[in-house]
Structures are given as structure tokens and as C-alpha cells.
Number of protein chains: 2
Amino acid sequence: MKRNAFYAQSGGVTAVINATACGVIETARRRRDRIGKVLAGRNGILGALHEDLIDTSAEPKSAIAALKHTPGGAFGSARYKLKGLEQNRAEYERLIEVFRAHDIGYFFYNGGNDSMDTAHKVSQLAKSMKLPITCIGIPKTVDNDLPITDNCPGFGSVAKYIAVSTREAALDVASMARTSTRVFILEVMGRHAGWIAAAAGLAGEGPLEAPHIILFPEVPFDEETFLARVRQTVDRCEYCVIVVSEGVRYPDGRFLAEAGTRDAFGHAQLGGVASSIAALVKDRLNLKYHYAIADYLQRSARHIASKVDVEQAYAVGKAAVELALAGKNAVMPTIVRKSDSPYRWEIGHAPLARVANKEKMLPKSYITRDGFGITAACRRYLAPLIHGEDYPPYKNGLPQYVRLRNEPVPRRLAEQFVLK
Amino acid sequence: MKRNAFYAQSGGVTAVINATACGVIETARRRRDRIGKVLAGRNGILGALHEDLIDTSAEPKSAIAALKHTPGGAFGSARYKLKGLEQNRAEYERLIEVFRAHDIGYFFYNGGNDSMDTAHKVSQLAKSMKLPITCIGIPKTVDNDLPITDNCPGFGSVAKYIAVSTREAALDVASMARTSTRVFILEVMGRHAGWIAAAAGLAGEGPLEAPHIILFPEVPFDEETFLARVRQTVDRCEYCVIVVSEGVRYPDGRFLAEAGTRDAFGHAQLGGVASSIAALVKDRLNLKYHYAIADYLQRSARHIASKVDVEQAYAVGKAAVELALAGKNAVMPTIVRKSDSPYRWEIGHAPLARVANKEKMLPKSYITRDGFGITAACRRYLAPLIHGEDYPPYKNGLPQYVRLRNEPVPRRLAEQFVLK
């Protein structure tokens, strides 16, 4: 029996989430015996709720192939978490209604913890309604915080971007330290888990090489210990490179980034842990500083994506379709590490029930005892994830990223759905 | 007659200043009949003043070749401007004394406006003292603000980094705009001239493509016009990408970055034009924003260097030696554009007297009438400078940058020199 598939992207996009879309669509196209069209949600799950679906079969083969090297979310993603089944059953019923109207037998949801939870709930509801809808979650998050899977597609490329950028900026600072900047601060993503900050540690080896200090959300920020370490590093190396996670907190739990900063007009200034650290360095140590905030650049930098990451992102998309066709339901493909060096991995799978709403933090054993660096175990884990380059094609000096047609599927339902 | 050469890097380093060093040293090594050793200043001109010289002849051929793909300043650079001859003649005399002690007949000074002035003054002093020292300035600046030369080595690679990053981040923002960030701000370098900000304009074509707004130091910042344009862009495109030069000013001349921002502790917060713009967008338009500050990442990003830039950086280094050996003195090699498309260029030269202490601003004709974008003429000028990729070698996922031995040359002078 041939059914359509629905694919949606969820949450913050990455440099390789479209490679996963490519894996889903190319694999589905090879199985036209079982899968009709792949319909995508415009702006993620909102597209399903609003019956705003995209017909991916209208895209030429070359455009789908180009997704593999295009960052961002090609169909639009959304920060929208469905509530619990009890709190907003109407949303789940609407999803089911839209899936029915478009003969959708496969639901592929590409996201992080919340999305795995949604996919799981849809599978439960479908089951209780005796509807044959196969639900597969597909892992994606730069935060690398999904459990069971060894790592998450999207993370390897951010990790590579941060490690490369730290190594490069450190060379700049080192050249100038005698007469210019002594302390350089790079702010990276990671609200809860310090995986991205940890990746900066790959840039150097040993305590004399940059980054000299990494500030993790897992380690409460102690001002005096930190300042002493900066001072010591500048005395020893002439300069100090600090990589700070946006989620770093004071011992009382407050984010450094929420230090209540206000400008001259009394406007609240948000989201600047780097500037808080810089002000501290300036005020207490009187050292010249500079800071960079990588922000979206880090998670969209397809130009320096990790080849391993691109391959894994594609592989989980492909595996999602294969698992669905093999009769698996309510599962997520996982990446299983077989060996560190040489790095070998394969695709496994885990029940969504075991993945949903759980966060994998950086283990204690990955952070050095002083709280400012990564251990050899952490390095062993991280190193293979940034292996290999996978450059996009360039024209006139700029990467050629595809823009899809994103043709709408004609609506079949009379009712409009209004979000609560 | 065989004499030694002295080479020094000056001012902010770039992704390709070492490619220039490579051009100087490789060319000098091929002319052992005329040039003895190339000695480099440790930390730029300070190395000459302190007689802290590096013997580049101790570096193997492979290390010198690797300079071509290594960012930062391999010998150390310095932000140190020699004062006028009248104000601090002692410094110039010290330079001459060190040059004499080490039989230096060629002075190659690799920097921006100030450095061209220094090289010029040294040449004048040597002439007045009847000393045979050939002084050649070699252009380098990410700011692209040297006169006469069509463009400056270092700029093309920053331009490429900013154009690529803007294109990538815009895809990210576009995917998420419906439920997340509406306004994304990227802060770029350029205290006086908007060349780097202008380069972001290469990322998109037409007013509907990102960047939607560029803020130049050349255009006084009008809050109301700016806010109206942001509002209009978000209404039309769902999101708005803004690239802002650090040097943007209010009509009264104050930098936006110096808006007197203070944190909760009363610490001054410096260097954040992006956060000023973000606060404005939040307070006046109530739109969700994110901002990135590229800072040193932009000028050290050798991983995404422009091939044209690398070639030109090497070429000016090579030409500097050739000009010196051809008997030219007090000149700077320039890049002469022969045609835009196909892009053709050659090396020329200009007297230091005509280059020193002059800044080339972005011409009015390169900025659109509304002040928020670049014109077709600007695009024609900028486009070829980012052409081509020139990837460094990678190992284990990280670029392999060379670290030189930087062996000191034994001192020959008894006196220590103390900077005033």
C-alpha cells in the first residue's frame, strides 16, 4: 500500500539539517512502490496545523541533491512546542486530521528533545485511534544534548566552526599581544550543556595553547578563580583566549548574560555574556580585551561543515525512511560509535519514549578538575566529529545554496486552524 | 654587493599578511646574489628598536611556504606608530643604528597608512645621512583604505568572510522568522571606512535579499529612517538582516558604540554597536533580535580566504623585493586593476610620499541614495576581490597552520633602547 510521507523541521536550524531532508527525500523517491509524495511542513509543524504543505515532488532531482550542501531550513522551521495531550488535544487531533486528508502514512519529525516528544505523542494518539501512521523522530541539534545517540547531527559542524575559529583568532591575538589585545573572548551557544564550548578545546593542545580558559554552563562561575587564571595566563603566555558558553551562571543560578545591563537610555541589554566577561577583565585586571559573538554564524557555517557531520545527517534521514518501511514505529535513528580511532560508526535506533524530553549534559569526566578545560576523554569523544571537509560549490566567490520552489499542496480541509 | 634585508609586520594582522611575508622571503632566497639574510622584527618595528631580530634563514623551505596559508602575524606585529622625525628623532636614529649593525640594506615594512609614513621617513633620514638603505612599503590592511592601490591585500578575505557569513546567517534567520528571530544584526570592522560593511552587500541581490540594511560609517545614523526601514523590511520579507560597521555615528559625531552603556555594576560596556542597534529594535519595534560580532574572526579566517587576495598578498611581497633590487626606493607596490570582468590586475608602484597618512573612503557613488545599500558600481568593484577559494591543508579536521621557530639573531649593540 502506497502512502504519502510528511517531513517537518523543528527548532533551531543547523548547517546540515537540509542534508537530513535530502536523505529522507532521496530515499523516499527510491521507494516509490511504498511512498507516494513527500510533503513538507512550511515552517515546520505549523505547516501541518495550518494545512500549509509543500509538495517536494515538484523539486528537480538536482535541487534535492543541493540540499546536502545548503544550510538553514529549506522548508522553514519553527520554535513551537505542542503542549501535552491533555492540555491541548485539539492540536494533536488537527495533525491527525491533516495527515488523514493528505493520506499521510509516515510522519518524519526532524528536531531535538521537544520534537521527539511530539512525534512520540502523535504515535500514541494514532495507535489509540487505530490509525496506521508511522512516526519517526530524526535527531537534529547543535546542542548535542539528545540521549542514547552518540552525537547529534548539526553538532559536528558547529564544533568544527568553533575549533577552527578559535585556532585562527588565537593566532591573531598572539601576534598582537605585546602592544594590543591581551584577552580575547569568544561567546558560543549552549544554554544548558557545554558541548559547543568544549569543542573549542580541540583548537589547541596543552595548557599553554589557546583556548586557555573555557567557561562551561556546567561549572558555576567563580569570579576570583577566573580572574586569577586570566592573570596567570597573561603573565605566562602574554595573552589569554577565553571561550565562554552563553549559558554560564553564577553560583546562585543567575546567568551572567542576564546581569541586568542597561544602556545610557535605560534600555535593557540582553544576551551578552562576552561583554560581561570583558567588563570584568577590564575593571579588575585593566587588560585590553576584544570579544566576538559567533551567534547564528556558528550554526549556519556550511562553508566549514564537518564531513562526518554531513554524512551522519544524511544517514539519519535515509535510515528514518528505511526504519519506517521496515515496520518500525515510534523510534529515532541513532548514531552508534564503534571505535574512536579510527573512527567508525553505524546507524542504530532507539524508542522515542526513551529519548523524549531528556537532556544529555557534558559528563563531569570531560571537564578538567579546575573547571577550565577539556580532558583527554573529552578530546577522544569530540575529535572524530569534526573530521573531514565537505565544501559547497562556489560561483563568483560565493557558496551556491539552493532555494527550493516550495510549491504549496492544494488544501483539502475547509476549516482553518487557529493556534491557541 | 650583498646586503641583508629587514622585514616587519605592522598594525592589525590579516588572514594573508603571512602570504606577503612568504612572497618577500621566497623571492629574496632566489636572489642570494644580492640579498643575504631576511631578518624579521619580532613584534614588528619594536623588534628593530629593541634589536630583537628573527633569523628567517633558520626556517626550512616548507615552513616558509606554509606561511602562504597561515593567518595572523608569524613574527608578531605591533600597534606602534613612530612619531614625527622632529618629535622623536631618537627612534629613527635607533632604527638606522640597528640596520647598520646588521648590515641591512633593504627595509620592507608591511602595514597600513602609518607604516607607509614610517617607511617614508626612514628613507628620508637614510638619504640625508647618505646611507644606502632601500625602503619599500608593502600594503596590508583589512580596512582597504590605502590610496592609489586599487585594493589592499587582507581586505578581499575579510570581504569574502563577511559576504559568506551574511548569506549563511540569512538562510538561518529566514527559516525561523515566523516563530523566532525577526531581526539579525552582524557587526563588522571598519572604524572610519565602510569597505567591509559594503562587502556584505555581495551576499544578496536586490532589495528583498539579505542584507536588507547596511549601516556605513560614511552615513550619519538617523534613528527614525532606520527604524522605518526595519519595520518595512519585516513586513515585506518576514525578517530583516542588518550589517553594521563598528564605526557608525550619530549625526553629532558620537559613535553608536560609545552610547555610554553600563552594566548592573556600573561598569562601562564598550564596543557594542550591535547591542545598541538591537536594543533600539527591541524597545521601539518590539521585534525579537539576535546579533553576532565577528571581531577578530573576520580578519583571521584563513579557512575561507579569497584566492585573489592570497595571490595579491604574495605578489606585493614578491614585487617589493624586485622593486628594491631594480633600484626603486621609497615606493610601495600597488595593485592596478586592468578590467572588472574578466578580472585582470597587475602590480604597479607608487611613491610612499603619495600614500603615507592618506585614507581612502568609500566613494559616495558606491552607496545607494537611501544610504542603506551598495550600488552596481560598488558591486563591480568588490565582486572580483572575493573570487576563488584557497583552502589551507587540514589534519584531523583542523587547518594546519605553521608555527615558525623564530630564532633570535645575536645582538651586536651594547645599548638597550627604551621606548618613550
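It should be noted that the structure appears before, not after, this text.
Summary of the structure given here.

Reading the values: rules and limits
- Residues numbered from 1 in each chain as written.
- Chains lettered and ligands numbered in written order.
- Predicted model: local features only at pLDDT ≥ 70, side-chain atom pairs only at ≥ 80, totals over all residues.
- Heavy atoms only, no water.
- Helix = DSSP H or I, 4+ residues; strand = E, 2+ residues; numbered from the N terminus.
- Rg over C-alpha atoms; globule rule 2.2 N^0.38 Å.
- Buried < 20%, exposed > 50% of the residue type's maximum accessible area, 1.4 Å probe, protein only.
- Contact = heavy atoms within 4.5 Å.
- Areas by Shrake-Rupley, 256 points an atom, 1.4 Å probe, with all protein chains shown as cover.
- Lys, Arg positive; Asp, Glu negative; His and termini not counted.
- Charge placed at Lys NZ, Arg CZ, Asp CG, Glu CD.
- 1 Å grid on protein atoms, 1.4 Å probe; cavity = no way out; pocket = protein on both sides within 12 Å on 5 of 7 lines; lining within 4 Å.
- Points joined across faces, edges and corners; volume = space filled by probe spheres on them.
- Nonpolar A, V, L, I, M, F, W, Y, C, P; charged D, E, K, R; others polar.
- Least-squares fit on C-alpha atoms with pLDDT ≥ 70 in both.
- Core = buried A, V, L, I, M, F, W, Y, C linked by side-chain atoms within 4.5 Å.
- Phe/Tyr/Trp six-rings, centres within 6.5 Å; stacked < 30°, edge-to-face > 60°.
- Lys NZ or Arg CZ within 6 Å of the ring centre and 35° of its normal.
- Expected span 1.5 Å × (residues − 1).
- Salt bridge = Lys/Arg side-chain N within 4 Å of Asp/Glu carboxyl O.
- Buried area = accessible area lost by both parts, 1.4 Å probe.
- Polar contact = N/O pair within 3.5 Å; in protein donor to acceptor, adjacent residues only side chain to side chain.

1. Quick word on the overall build of chain A
Piece 1. When helices and strands are counted, chain A shows 13 helices and 13 strands.
Piece 2. In terms of overall size, chain A behaves like a compact globule, its C-alpha atoms giving a radius of gyration of 23 Å where 420 residues would be expected to give roughly 22 Å.
Piece 3. Across its three principal axes, chain A shows a C-alpha extent of roughly 70 × 45 × 45 Å.
Piece 4. In chain A, buried positions account for 65% of the 420 residues.
Piece 5. Taking as baseline every contact in chain A between residues at least 6 positions apart, the subset at least 24 positions apart corresponds to 77%.
Piece 6. Total accessible area on chain A is roughly 15100 Å²; 49% of this is exposed by carbon and sulfur atoms.
Piece 7. Charge separation in chain A, taken as the distance between the mean sites of 56 positive and 44 negative side-chain charges, equals 5 Å.

2. Quick notes on empty space enclosed by the protein
All names here are of chain A.
Piece 1. Tallied over the entire structure, the rule returns two cavities of 30 Å³ or more.
Piece 2. Surrounding the second largest cavity, Ala15, Gly154, Ser157, Val158, Tyr161, Gln298, Arg299 and Ala301 form its lining.
Piece 3. Put simply, the parts of the chain that give the lining of the second largest cavity at least two residues each are helix H6 (155-176) and helix H10 (295-300).
Piece 4. With three residues, the top contributor of residues to the lining of the second largest cavity is H6.
Piece 5. Residue classes in the lining of the second largest cavity are distributed as four nonpolar, three polar and one charged.

3. Side note on the relation of the copies chain B and chain A
Piece 1. Once chain B is rotated about the relating axis by 180 degrees and shifted along it by 0.0 Å, it coincides with chain A to within an RMSD of 0.0 Å. Viewed as a symmetry operation, the transformation between the two copies matches a two-fold axis. Distance from the rotation axis, computed per C-alpha, reaches its smallest value in chain B at B:Ile293: 2.4 Å.
Piece 2. Of all interface residues in chain B, 100% are interface residues in chain A too; the two copies therefore contact each other through one and the same surface.

4. A short note on the nonpolar core
Proteins that are soluble and globular tend to have nonpolar side chains buried together.
Piece 1. Counting residues in hydrophobic clusters, the biggest one holds 164 residues, and the most contacted among them are A:Phe108 and B:Phe108.
Piece 2. Those residues in contact with A:Phe108 that sit more than four places away from it in its chain are A:Ala5, A:Phe6, A:Tyr7, A:Ala8, A:Val24, A:Ile136, A:Ile138, A:Ala320, A:Val321 and A:Ala324.
Piece 3. Within the second largest apolar cluster, 56 residues are counted, among which are A:Ile213, A:Leu215, A:Ile293 and B:Tyr289.

5. Concerning unusual backbone geometry
Residue and element names in this part refer to chain A.
Piece 1. With an omega of 0 degrees, the peptide bond between Ala210 and Pro211 qualifies as cis.
Piece 2. Along the chain, Pro211 falls in the loop between helix H7 (195-200) and strand E7 (213-215).
Piece 3. Positive phi, close to 60 degrees, is recorded for Asn43, a residue that is not glycine.
Piece 4. Within the element layout of this structure, Asn43 appears in the loop between strand E2 (35-41) and helix H2 (45-49).
Piece 5. One non-glycine residue, Asn286, adopts positive backbone phi at about 50 degrees.
Piece 6. Structurally, Asn286 can be placed in the loop between helix H9 (273-285) and strand E9 (289-293).

6. Topic: the packing of aromatic side chains
Pairs of aromatic rings are described using the distance from one ring centre to the other and the angle between the two planes.
Piece 1. Summed over all chains, the structure comprises 29 aromatic pairs over all chains.
Piece 2. Seen from their ring centres, A:Tyr106 and A:Phe108 are 6.4 Å apart, and the 10 degrees between their planes marks the pair as stacked. A:Phe108 carries the same exposure label as A:Tyr106, and that label is buried.
Piece 3. Judged by centre distance (6.4 Å) and plane angle (75 degrees), the ring pair of B:Phe155 and B:Trp195 falls under edge-to-face. A residue pair is termed long-range when its members are at least 10 positions apart, and B:Phe155 in helix H6 (residues 155-176) and B:Trp195 in helix H7 (residues 195-200) qualify at 40 residues.
Piece 4. Among the aromatic residues, ring-to-ring pairing joins A:Phe6, A:Phe99, A:Phe107 and A:Tyr109 into one connected group.
Piece 5. Positioned above the aromatic ring of A:Phe255, the side-chain terminus of A:Arg191 is 4.3 Å from the ring centre.

7. Digging into helix H5 (residues 113-128) of chain B
All names here are of chain B.
Piece 1. With 16 residues, H5 extends 23 Å from end C-alpha to end C-alpha; this agrees with the ideal 22 Å at 1.5 Å per step.
Piece 2. The buried fraction of H5 amounts to twelve of the 16 residues, a majority that puts the element mostly inside the structure.
Piece 3. Buried within H5 we find Asn113, Ser115, Met116, Asp117, Thr118, Ala119, His120, Lys121, Val122, Ser123, Leu125 and Ala126.
Piece 4. Looking at the buried residues of H5, the elements they touch are helix H4 (89-101), strand E4 (104-111), strand E5 (134-139), strand E10 (331-339) and helix H12 (352-355).
Piece 5. Looking one or two places after H5, you find Lys130, whose phi comes out positive at around 60 degrees.

8. What to know about the pattern of salt bridges
Side chains that differ in sign of charge can pair as their charged atoms come close.
Residue and element names in this part refer to chain B.
Piece 1. The final tally for this structure, using the stated rule, is 46 salt bridges over all chains.
Piece 2. The partner of Lys160 in a salt bridge is Glu389, and the shortest N-O contact between them spans 2.7 Å. Of this pair, Lys160 sits in helix H6 while Glu389 sits in the loop between helix H13 (376-382) and strand E12 (394-395), and the two are 229 residues apart along the sequence.
Piece 3. A relative accessible area of 0% means that Lys160 is categorised as buried.
Piece 4. Among the residues examined, Glu389 registers a relative accessible area of 22% and is labelled partly exposed.
Piece 5. Arg337 is paired through a salt bridge with Asp340; the nearest N and O atoms lie 2.8 Å apart.

9. Section: the interface of chain B and chain A
Piece 1. If you look at the interface, chain B gives 80 residues, while chain A gives 80 residues.
Piece 2. Each partner contributes to the roughly 6600 Å² buried at the junction of chain B and chain A, and carbon and sulfur atoms together form 56% of this total.
Piece 3. On the chain B side of the interface with chain A, the three residues burying the most area are B:Glu168, B:Tyr296 and B:Leu297, jointly 10% of the side's total.
Piece 4. Across the chain B-chain A interface, the total number found is two salt bridges.
Piece 5. Put simply, B:Asp172 and A:Arg299 hold a salt bridge, and the shortest N to O gap is 2.7 Å.
Piece 6. At the surface where chain B touches chain A, the tally comes to 27 residue pairs in polar contact (both at pLDDT 80 or more).
Piece 7. Of all the secondary-structure elements, those providing two or more residues to the side of chain B that touches chain A are H6, strand E6 (183-188), helix H9 (273-285), strand E9 (289-293), helix H10 (295-300) and strand E13 (398-399) of chain B.

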